[in-house]
Amino acid sequence: MPLALLALAVGAFGIGTTEFVMMGLLPDVADDLNISIPGAGHLVSAYALGVVIGAPLLAAVTAKMSRRTVLIGLMGLFVVGNALSALAPDNGWLLAARFLSGLPHGAFFGVGAVVATNMVAPERKARSVSLMFLGLTVANVAGVPVATLMGQHLGWRATFLGVSAIGVAAIAALAFLIPHDHEHTTAQGLRGELAALRSLPVWLSLGTTVAGFGALFAAYSYITPMLTDAAGYAGASVTLLLALFGVGATAGNLLGGRLADHSLRGTLFGGLTSLVAVLALFPLLMRTELTAAVAVTLLGMAAFATGSPLQLMVMEKASSAPSLASSANQAAFNLANAGGAWIGGLALAAGFGVTSPATAGVALAVLGLAVASLAYAVDRRRAPVAGRERIVASHVPQEAQAAHH
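Report follows, based on the coordinates. (Residues numbered from 1 in each chain as written. Predicted model: local features only at pLDDT ≥ 70, side-chain atom pairs only at ≥ 80, totals over all residues. Heavy atoms only, no water.)

Overview of the side chain of Thr-306
- Topologically, Thr-306 is positioned in the loop between α12 (289–304) and α13 (307–317).
- For Thr-306, a relative accessible area of 3% puts it in the buried group.
- At 2.6 Å, the side chain of Thr-306 forms a polar contact with the backbone oxygen of Ala-303.
- Those residues in contact with Thr-306, other than ones at most four positions away along the chain, are Phe-213, Leu-268, Gly-271 and Leu-272. (Helix = DSSP H or I, 4+ residues; strand = E, 2+ residues; numbered from the N terminus. Buried < 20%, exposed > 50% of the residue type's maximum accessible area, 1.4 Å probe, protein only. Polar contact = N/O pair within 3.5 Å; in protein donor to acceptor, adjacent residues only side chain to side chain. Contact = heavy atoms within 4.5 Å.)

Here it is in structure tokens:
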């Protein structure tokens, strides 16, 4: 694998850290800015909104630029957003800075996935994407806990300065390790990029991402009350258990990338089926501390085994605009985050029990399987048509083909 993938992983590590660290810093931020914790929660939403808006928009408007230049520019915007977060004098400033920090998130992963797959042989594409995503999953194991501790001991502003430093290191790595490339002469501009998203298979792939990862976040958003109220863990132990989730996500991401290079759709179906099984067992596994720890690890593994296959599938279905489609998949991931948390919260508010968000996740994972199955059926239906078109074209007399050209 090319060393340049390390540069992408460093950027992903910084992005993953800043995305998830806010959850652990909410009480400190709320106290410092004299706002309520629910009010501080809007800072999480502001970042997610930035991802959803910025992912397709930035990928589209930079379509004709060198991808190396785009990646460095996106990471520069990331550094500025986090530096402004550290300097925020009030909540309004911090909301705007968090929104700005989220803007480059999706486009970085989207464009980065295209760069990663272009640097390796076709049979290693999924693995290259999984190595880039490795930075994101490792952030949950090491980056977020360390950044949270830094915020608790040095102040939350120090955390965002630290994240900015990671961004500067990523810029240096991108500049030295990513090979120079030319502007996309085949790009058709904004209109051409958007036209590629009219494809039904692209939207079915994006729908699978929303439903599949919505299943994850329906349960994961409420994992703390499950661990404390159902499994009996002390609150101080939750941070360690969330690191176990990161370990599972890292293992699932690497395994999914390796398997997807052999069978892209088989890995996707296997991952979603495993997610259904793990979430269905959650009410049982949350009865003891040991089985709860296993459940958290398996949840991360099952969910992130589908990450690379979904990213690669979206890119293949929109081959004329892979950067935009890949970035749109990151927007879909964040919609899954918001939607899954909302649906899981509905189950909890309805009084179905502390593990009911996991049951709601089962329904979403089954929906993801249904959408993936529909996408498979559409592909099979279109394949014979494409085959007939190639056969007809091959039987056109050479004189007619020459006249046509």
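As for helix α1 (residues 4–33)
- An ideal rise of 1.5 Å per residue puts 44 Å on 30 residues; α1 measures up with 40 Å between its terminal C-alpha atoms.
- For α1, the principal kink sits at Leu-25 and spans about 65°; a proline, Pro-27, occurs within the next four residues.
- For α1, the buried fraction is high: 21 of the 30 residues fall into the buried class.
- Phi for Asn-34, located one or two positions after α1, is positive at around 55°. (Expected span 1.5 Å × (residues − 1). Bend = angle between axes of the 7 residues up to and from the residue.)

Considering the pattern of salt bridges
- All chains considered together, the criterion is met by 4 salt bridges.
- For the salt bridge of Arg-127 with Asp-261, the shortest nitrogen-to-oxygen distance reads 3.1 Å. A residue pair is termed long-range when its members are at least 10 positions apart, and Arg-127 in helix α5 (residues 125–154) and Asp-261 in the loop between α10 (238–260) and α11 (264–285) qualify at 134 residues. Across this residue pair, the class does not change: Arg-127 and Asp-261 are buried.
- In this structure, the salt-bridge partner of Asp-379 is Lys-317, at a minimum N-O distance of 2.7 Å. Taken together, the positions of Asp-379 in helix α15 (residues 356–394) and Lys-317 in helix α13 put the pair 62 residues apart, joining distant regions of the chain.
- According to the relative accessible area criterion, Lys-317 is partly exposed, its value standing at 27%. (Salt bridge = Lys/Arg side-chain N within 4 Å of Asp/Glu carboxyl O.)

Shape is all these values report; function is a separate question.
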